[in-house]
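# Descriptive analysis of the structure
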Amino acid sequence: MKTGARLLNYAALARHGLRLRTSRDEAVRRNAQRHLAERMGRLRGLPQKLGQLLSMSDEPEREVFAGLQGGAEPLPFEVVEGLLETAWGRPVAQVVSAIADHGLAASLGQVHRATLLDGREVAIKVQYPGVREAVFADLKVLGWLSAPVGDLRRGFDMSDYRDEIRRDLEEELDYENEARLQQSYAEAFASLPGIVIPAVVSELSSSTVLVTAWEDGDDLEAAREWPAKARHDGGRLPLDHFCHGLFSG
C-alpha cells in the first residue's frame, strides 16, 4: 500500500477513533471498535501491532481486537506459495508434503503449519510483500505528527522514539537475524526449564521466510482460563528467564 493510500487509511482510523472516544451510544461505539480493528488488520505493520497491544489489555474492548493476534486477513495461499517458491528456488511440493492453506496472520507476516518431506512438523513464517515499505511509510507519518510536538519545547521530542522504533523494526523485519537470535537464545537457556524454544530449520530460512519446528501451545485468551497456579507459574517464567539472562553467563 503506497504512502498516499496509507494516509487516507490513517484518516479513517482517526475518524473511527474519534467516534469511539466521543460517542455515548453503545451501538455506535461497538461499530466504531469493529471498523477500527478491521482497518488495523488491513493496514498491518504498526497499526496492527497497536491493535495487538490493545487486545492484551484488561479493558472490555480487548475482545474486539483479539482477532489481530492471529486472524487478521491472511494473504491468499496462491500469493504465499509464490513467495515460498521464490525464497526456496523450487516448487513448494519439493519441500513439504502438506501445508495449511489458511495462515495465521500477524502484523509483519503470517504463519502456516506444514509437514516437511522428512516428516518434521514445522511453522513457516512468511513476510508480507511490501511490508517493509509500509512500515517505514508509517514511521514517516509518525515523524510528521511529531514535528509540532518537538516545537512545543517542553522536553519531549518524538524523533528519538521514532528512531528506536525504526531500529527495532529493522531487526524484526530481518528473519535471518531472528533465526540467529532464536538459536543463540536456545543455546544460552538450554539448562533452564519451562520455556520451549522451537528449533530453526536454517536451510529453509531466509531474510523473508523463517522455518522452525512446530510447537503446540495456548494463546493469550486460552491462558486467561488456566487455573490460578498455572497462571502464576506462567507469569514467573519470563521473570526467571530475564533474571537468568541478566545475572548469569
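Source: prediction; values computed, not measured.

Within the chain, the secondary structure is distributed over ten helices and five strands. The proportion of buried residues among the 249 residues of the chain is 33%. The contacts of the chain with a sequence gap of at least 6 include a subset with a gap of at least 24, amounting to 58%. When the accessible area of the chain is evaluated, it comes to approximately 14,900 Å², of which 56% is carbon and sulfur surface.

Let us look at a negative patch on the surface. A surface patch of negative charge is lined by E78, E81, E85 and D101. Among the structural elements, D101 can be located in the loop between β1 (96–99) and β2 (104–105). You can call D101 exposed: its relative accessible area is 53%.

Attention shifts here to the pairing of strand β3 (residues 109–116). For a regular strand, the rule is simple: side chains alternate between the two faces of the sheet. Most of β3 is tucked away: six of the eight residues are buried. One ladder, built from three bridges, connects β1 with β3; its direction is antiparallel. Following the sheet pairing, I99 is matched in β3 by A114. One ladder, built from two bridges, connects β2 with β3; its direction is antiparallel. Looking at the pairing, A105 lines up with Q110 of β3. Linking two consecutive strands that pair antiparallel, namely β2 and β3, is a turn of three residues.

Glancing now at the pattern of salt bridges. If you walk through the whole model with that rule in mind, you get eight salt bridges. R120 is the partner of D118 in a salt bridge, and the nearest nitrogen-oxygen pair spans 2.8 Å. What makes R120 partly exposed here is its relative accessible area of 38%. R132 is paired through a salt bridge with E170; the nearest N and O atoms lie 2.9 Å apart. Taken together, the positions of R132 in helix α6 (residues 131–151) and E170 in helix α7 (residues 158–172) put the pair 38 residues apart, joining distant regions of the chain. Look at E170 and you get partly exposed, because its relative accessible area is 31%.

With that out of the way, let us pick up the nonpolar core. Formed by 26 residues in total, the largest nonpolar core has its most connected members in L84, W88, V96, I124 and V211. Elements supplying a minimum of two residues to this core: α5 (77–88), β1, β3, β4 (121–127), α6 and β5 (209–213). At four residues, the largest contribution of residues to this core is made by α5. Once residues within four sequence positions are removed from consideration, I124 is found in contact with L84, W88, V96, I99, Q110, V111, H112, A114, V209, L210 and V211.

Attention now goes to the packing of aromatic side chains. Considering all chains together, one arrives at one aromatic pair under this definition. Judged by centre distance (4.2 Å) and plane angle (25°), the ring pair of Y185 and F189 falls under stacked. Residue classification places F189 among the buried residues on the basis of a relative accessible area of 10%. For K125, the ring lying beneath its charged end belongs to Y175, and the centroid distance is 4.8 Å.

Let's shift gears to the environment of V196. Assignment of secondary structure puts V196 in the loop between α8 (175–188) and β5. For the pair formed by V196 and D216, sequence separation is 20 residues and the distance between their alpha carbons is 10.0 Å.

Residue position: S107 is located in the loop between β2 and β3. Sequence-wise, S107 and Q127 are 20 residues apart; in three dimensions their C-alpha atoms are separated by 9.3 Å.

Tracing the sequence through the fold places Q182 in helix α8. Owing to a relative accessible area of 16%, Q182 belongs among the buried residues under this scheme. Residues contacting Q182, with those up to four places away along its chain left out, are I197, P198, V200, L210 and T212.

Bringing α8 into the picture now. Relative to the 20 Å expected for 14 residues at 1.5 Å per residue, α8 spans 20 Å between its end C-alpha atoms, a close match to the ideal helical length. Considered for burial, the residues of α8 that qualify are Y175, N177, A179 and Q182. Capping the start of α8, D174 holds a side-chain oxygen 3.1 Å from the backbone nitrogen of E176, two or three residues further along.

About the cut-offs
Residues numbered from 1 in each chain as written. Predicted model: local features only at pLDDT ≥ 70, side-chain atom pairs only at ≥ 80, totals over all residues. Heavy atoms only, no water. Helix = DSSP H or I, 4+ residues; strand = E, 2+ residues; numbered from the N terminus. Buried < 20%, exposed > 50% of the residue type's maximum accessible area, 1.4 Å probe, protein only. Contact = heavy atoms within 4.5 Å. Areas by Shrake-Rupley, 256 points an atom, 1.4 Å probe, with all protein chains shown as cover. Patch = residues over 30% accessible without salt bridge, like charges linked within 9 Å, V, L, I, M, F, W, Y side chains within 5 Å. Salt bridge = Lys/Arg side-chain N within 4 Å of Asp/Glu carboxyl O. Lys, Arg positive; Asp, Glu negative; His and termini not counted. Charge placed at Lys NZ, Arg CZ, Asp CG, Glu CD. Pairing = 2+ DSSP bridges. Core = buried A, V, L, I, M, F, W, Y, C linked by side-chain atoms within 4.5 Å. Phe/Tyr/Trp six-rings, centres within 6.5 Å; stacked < 30°, edge-to-face > 60°. Lys NZ or Arg CZ within 6 Å of the ring centre and 35° of its normal. Expected span 1.5 Å × (residues − 1). Polar contact = N/O pair within 3.5 Å; in protein donor to acceptor, adjacent residues only side chain to side chain.

In short, geometric facts, not functional conclusions.
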